[in-house]
Amino acid sequence: MIVYEREHDFVLTAQHEHGVAAGDMAAHWKTAWLPPGSHRDELILAAKEHDRGWIELDAAPLWNDYSQVPYSFRDFPLRPRFVFYRKGIEEVRQHNAYAGLLCSLMYTELFQKTLGANPQDDEDIRQYLLEEQQQQDNWKRELGGDAAALEQRLKNDVETMLFCDQLSLFLCMEEPGTPASRYDFFADGLSCAFDHCTSATVKAEWISGEKVGLSFFPFNEEFEVTMSYKAVPKASIRKFGMLQAYRRAEWKKRRVVIAALT
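The structure reproduced in this document is the subject of the present report. (Residues numbered from 1 in each chain as written. Predicted model: local features only at pLDDT ≥ 70, side-chain atom pairs only at ≥ 80, totals over all residues. Heavy atoms only, no water.)

Once that is clear, we can look at the overall build of the protein chain. Across its full length, the protein chain holds 9 helices and 10 strands. On C-alpha atoms alone, the protein chain measures out to a radius of gyration of 18 Å, which is about the 18 Å that the 2.2 N^0.38 rule sets for 262 residues. Projected onto its principal axes, the C-alpha positions of the protein chain cover 60 × 45 × 35 Å. Taking the intrachain contacts of the protein chain between residues at least 6 apart in sequence as the baseline, contacts between residues at least 24 apart amount to 70%. Total accessible area on the protein chain is roughly 12800 Å²; 49% of this is exposed by carbon and sulfur atoms. (Helix = DSSP H or I, 4+ residues; strand = E, 2+ residues; numbered from the N terminus. Rg over C-alpha atoms; globule rule 2.2 N^0.38 Å. Contact = heavy atoms within 4.5 Å. Areas by Shrake-Rupley, 256 points an atom, 1.4 Å probe, with all protein chains shown as cover.)

Okay, here's the thing in structure tokens:
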């Protein structure tokens with residue numbers, strides 16, 4: 001779950017909703033940068049479905065008694081999270097082997113970067129990385145073909161997914177219109193390591209409450225994405241508990257246009 005707090009409520013966006021938006025972004029990726037056909041379809045599928053392991057977890061959000069906020073992807077316990085990550089990856093693999101491998105690689109790339117941030121988690125993270133990397137090696141062999149070409153394609157596709165993932169998170173981690181400087185993750189910009197990127201980071205900022213601009217624009221054209229979310233009143237949580245308050249809250253839509261900064 002992606003969560004931010006307002007005075008009278010918490011705004012909750014399910015991880016899979018954010019993933020679907022990332023898939024929409026990948027679908028608008030510059031056509032000239034990707035071969036046509038199945039490769040593009042596999043990348044879009046992986047970007048869209050990379051967080052499907054969260055679907056069951058987010059259907060019943062939990063309350064963090066220590067922090068007095070709903071659990072989010074930032075603080076949800078690692079061990080159950082890893083179980084559901086693997087479930088989601090396997091579901092994608094059953095649909096398309098290459099897309100499933102991309103999802104696995106995206107997670108190991110993200111967790112590799114978290115080592116040392118919370119030393120008490122490092123042992124669990126290293127074990128997850130070891131087991132997942134062994135699986136990845138097997139899946140690469142099953143795909144066959146030119147190993148070097150496959151590695152290069154995987155690397156660029158994962159970086160493309162990571163960029164779409166960051167941009168999608170930017171849309172729902174804070175209230176629309178929040179200055180980029182107030183974001184925990186993106187104050188210095190979105191990291192940018194895919195082919196054709198001209199700098200290490202890309203500036204993202206709200207042009208209005210319904211439009212985000214990018215200093216480097218990797219998409220074919222300006223486009224709109226939509227995400228569903230719930231604003232759960234704090235009073236409702238106190239009265240009914242987290243789960244019932246979430247279920248009682250109405251679904252809302254957030255529509256955001258992605259454009260180039262001028």
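Where strand β8 (residues 211-214) lies against strand β10 (residues 251-260), 4 bridges are found, and the strand directions are parallel. Its bridge partner being in β10, V212 is matched across the sheet by I258. Of the strand pairs in this sheet, strand β9 (residues 223-233) and β10 are connected by 8 bridges, and their pairing is antiparallel. Opposite K230, over in β10, you have W251 as the bridge partner. (Pairing = 2+ DSSP bridges.)

Here the focus is the side chain of T108. Position of T108 among the secondary structure elements: in helix α5 (residues 97-112). T108 gets classed as buried once you look at its relative accessible area, which sits at 6%. Here the side chain of T108 touches L105 through a polar contact of 3.0 Å, landing on its backbone oxygen. (Buried < 20%, exposed > 50% of the residue type's maximum accessible area, 1.4 Å probe, protein only. Polar contact = N/O pair within 3.5 Å; in protein donor to acceptor, adjacent residues only side chain to side chain.)

As a further point, take the packing of helix α4 (residues 78-95) against α5. Two quantities define a packed helix pair, namely the angle between the helix axes and the distance between the axes. Contact geometry for α4 and α5: axes closest at 6 Å, N-to-C directions at 155 degrees. In terms of their interaxial angle, α4 and α5 are classed as roughly antiparallel. In contact with L78, R81, F82, Y85, I89, V92, R93 and H95 of α4, α5 contributes A97, A99, G100, L101, C103, S104, Y107 and F111. For the contact of α4 with α5, the class distribution of residues is 11 nonpolar, 3 polar and 2 charged. (Axes fitted to C-alpha atoms, helices over the stretch in contact; angles between N-to-C directions. Parallel < 35°, antiparallel > 145°, perpendicular 65-115°, else oblique. Nonpolar A, V, L, I, M, F, W, Y, C, P; charged D, E, K, R; others polar.)

So, about the packing of aromatic side chains. Applying the stated rule across the entire model yields 27 aromatic pairs. The interplanar angle of 75 degrees and the centroid separation of 6.2 Å between the aromatic rings of F73 and F185 together place this pair among those described as edge-to-face. You can see F73 sitting in the loop between β4 (69-70) and α4 and its partner F185 sitting in the loop between α7 (147-172) and β5 (190-191), a full 112 residues away along the chain. Three or more aromatic residues joined by ring pairs form one cluster here, namely W29, W33, F163, F194, F216, F217, F219 and F223. One Lys or Arg, R153, reaches over the ring of Y98 and ends 3.9 Å from the middle of that ring. Sitting over the ring of Y246, K230 keeps its end group 4.6 Å from the ring centre. (Phe/Tyr/Trp six-rings, centres within 6.5 Å; stacked < 30°, edge-to-face > 60°. Lys NZ or Arg CZ within 6 Å of the ring centre and 35° of its normal.)

What follows covers the state of the cysteines. In total, this model carries 1 disulfide according to the counting rule given. Between C192 and C197 runs a disulfide, and the two sulfur atoms are separated by 1.5 Å. Torsion about the S-S bond of the C192 and C197 cystine: about 125 degrees, corresponding to right-handed handedness. Across the pair, C197 and C192 agree in class, each one buried. Note on C164: no disulfide assigned, nearest cysteine sulfur contributed by C192 at a separation of 11 Å. This cysteine, C172, is not joined by any disulfide, and C164 carries the nearest cysteine sulfur, 14 Å off. (Disulfide = S-S within 2.5 Å.)

Fair warning: the whole summary comes from geometry, so function is off the table for now.
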